[in-house]
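Examination of the molecular architecture
Here is what each chain is made of, one letter per residue.
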Amino acid sequence: MIAIDSYELNDGGSLPVVGFGTVSLRGDDGVAVMRTALESGYRLLDSAVNYGNEEEAGQAVRASGVAREDVLITTKIPGRHHEYSSAVESVEGSLRRIGSDYLDLCLIHWPNPSVGRYLEAWRALVDLRERGLVRSIGVSNFTERHLRAVIDDTGVTPAVNQIELHPYFPQAAMREVNAKLGVQTQSWSPLGKRSAPFSEQPVSQAAAAHGVTPAQAILRWQLQLGALPIPKSTDAQRQRENLDLFGFELTDAEVSAISGLARDDGRLFGGDPDVHEEM
Ligand SMILES: NC(=O)C1=CN([C@@H]2O[C@H](COP(=O)(O)OP(=O)(O)OC[C@H]3O[C@@H](n4cnc5c(N)ncnc54)[C@H](OP(=O)(O)O)[C@@H]3O)[C@@H](O)[C@H]2O)C=CC1
Ligand SMILES: O=C(O)C(=O)[C@@H](O)[C@H](O)C(=O)CO
């Protein structure tokens, strides 16, 4: 099993530098995939209310034999629960479904402009952390404006901002904003999902130079950017491959070349946080 380093968060907590994405992993098959991931060495499961798989995440941890305190489970509050008391209920529901008396990390999933209440959801998270129900609190798909608004409102800086980040959309500006504010960047769809840029020359060349796969080259690029990728794979071999990132290092030129794949239209599905709604 591969041992993974960790990032220190601004609240004194820490996260493994690679986590496991779980979108669309549901039912018995979902439990089995997450369990395999835990057995391969993953120690962070990235779930969400809207993934409909929090029960599966809890079951996978119990079935894996890994102690609850050695695994971190992330979940996310959806747009329909941004009103303060609804956000509290959302977290209480997540705790019930996971079967735990605390969440390791809870994020606001999207800012949801039409709802206009992400500040309330953030106030709820701050209070839930005070009550010990959530250990670390953060956001997802937040821009600088959203981040500054929650910080100005509560004085509490999110520990994490989980954003779209892959070679076609490397998010240089948002990574800089997160770093300046002391927020850890997490990368969703870190491999680029359906449009995985495995055959792009900077990726394939870096992979060949280090004797690794294109996926490993991309995930190593993520680590060298200081971002925390949460790749998803249903395949045990690829799960292990995606964790095996610590025996090589990309050169600065290789990192720059992969970042150079950035495209103006690089977003996977046009999920601009200022307009995208996800209830
Ligand atoms: N906060 C947010 O708004 C969002 C969060 N997320 C989170 O991010 C996670 C990861 O993103 P996701 O969209 O799943 O996409 P990823 O970038 O993790 O890509 C997953 C795809 O890549 C394939 N794959 C994985 N590893 C390899 C490999 N080593 N070689 C070849 N193919 C590989 C998988 O296929 P296979 O299974 O066959 O290996 C799957 O089709 C999600 O699962 C979710 O937890 C995602 C979107 C938005
Ligand atoms: O996976 C997530 O966390 C999402 O937010 C997705 O639902 C994403 O927005 C998507 O795939 C939309 O098509």
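The notes below deal with the structure included here. (Residues numbered from 1 in each chain as written. Chains lettered and ligands numbered in written order. Predicted model: local features only at pLDDT ≥ 70, side-chain atom pairs only at ≥ 80, totals over all residues. Heavy atoms only, no water.)

**Side note on the pattern of salt bridges**
Under the counting rule described, the total for this entry stands at twelve salt bridges. Between K76 and D46 there is a salt bridge, and its shortest N-O distance comes to 2.7 Å. Of this pair, K76 sits in strand β5 (residues 72-77) while D46 sits in strand β4 (residues 44-46); the two residues are 30 residues apart in sequence, bridging distant segments of the chain. This pair shows no difference in class: K76 is buried, exactly as D46 is. In this structure, R145 engages D274 in a salt bridge whose closest nitrogen and oxygen atoms are separated by 3.0 Å. Taken as a pair, R145 in helix α5 (residues 144-154) and D274 in the segment after α10 (252-259) lie far apart in primary sequence, 129 residues in all. Each of E144, R148 and K180 takes part in one network of salt bridges that share partners. (Salt bridge = Lys/Arg side-chain N within 4 Å of Asp/Glu carboxyl O. Helix = DSSP H or I, 4+ residues; strand = E, 2+ residues; numbered from the N terminus. Buried < 20%, exposed > 50% of the residue type's maximum accessible area, 1.4 Å probe, protein only.)

**Section: the site of ligand 2**
All residues in the neighbourhood of ligand 2 are listed as V23, Y51, H109, W110, F269, H276 and E278. In the model, an oxygen atom of ligand 2 is placed 2.4 Å from a nitrogen or oxygen of the Y51 side chain. Within the side chain of H109, a nitrogen or oxygen atom sits 2.6 Å from an oxygen atom of ligand 2. The cavity that encloses ligand 2 is the largest pocket. Looking at side-chain class alone, the shell around ligand 2 contains four nonpolar, two polar and one charged residues. (Near = heavy atom within 4 Å. Polar contact = N/O pair within 3.5 Å; in protein donor to acceptor, adjacent residues only side chain to side chain. 1 Å grid on protein atoms, 1.4 Å probe; cavity = no way out; pocket = protein on both sides within 12 Å on 5 of 7 lines; lining within 4 Å. Sits in = over half its atoms within 2 Å of the grid points. Nonpolar A, V, L, I, M, F, W, Y, C, P; charged D, E, K, R; others polar.)

**Describing the pairing of β5**
By the criterion of burial, β5 is predominantly enclosed, with six of the six residues buried. With burial as the criterion, each face of β5 is covered, one bearing L72, T74 and K76 and the other bearing I73, T75 and I77. With three bridges connecting them, β4 and β5 associate as parallel partners. If you follow D46 over to β5, its bridge partner there is T74. In this fold, the crossover linking β4 to β5 by way of helix α2 (residues 54-64) has right-handed handedness. (Pairing = 2+ DSSP bridges. Right-handed = clockwise from strand over helix to strand, strands pointing away.)

**A few points about the sheet that holds strand β6 (residues 103-108)**
Taken together, the eight strands give an open sheet; going across it, the order is β3-β4-β5-β6-β7-β8-β9-β10, and neighbouring strands pair in parallel fashion. Each having just a single partner strand, β3 (20-21) and β10 (228-229) make up the two edges of the open sheet. Pairing analysis gives two bridges linking strand β9 (residues 184-188) to β10, with the strands arranged parallel. Residue pairing across strands places Q186 opposite L228, the latter belonging to β10.

These values are about where atoms sit, not about what they do.
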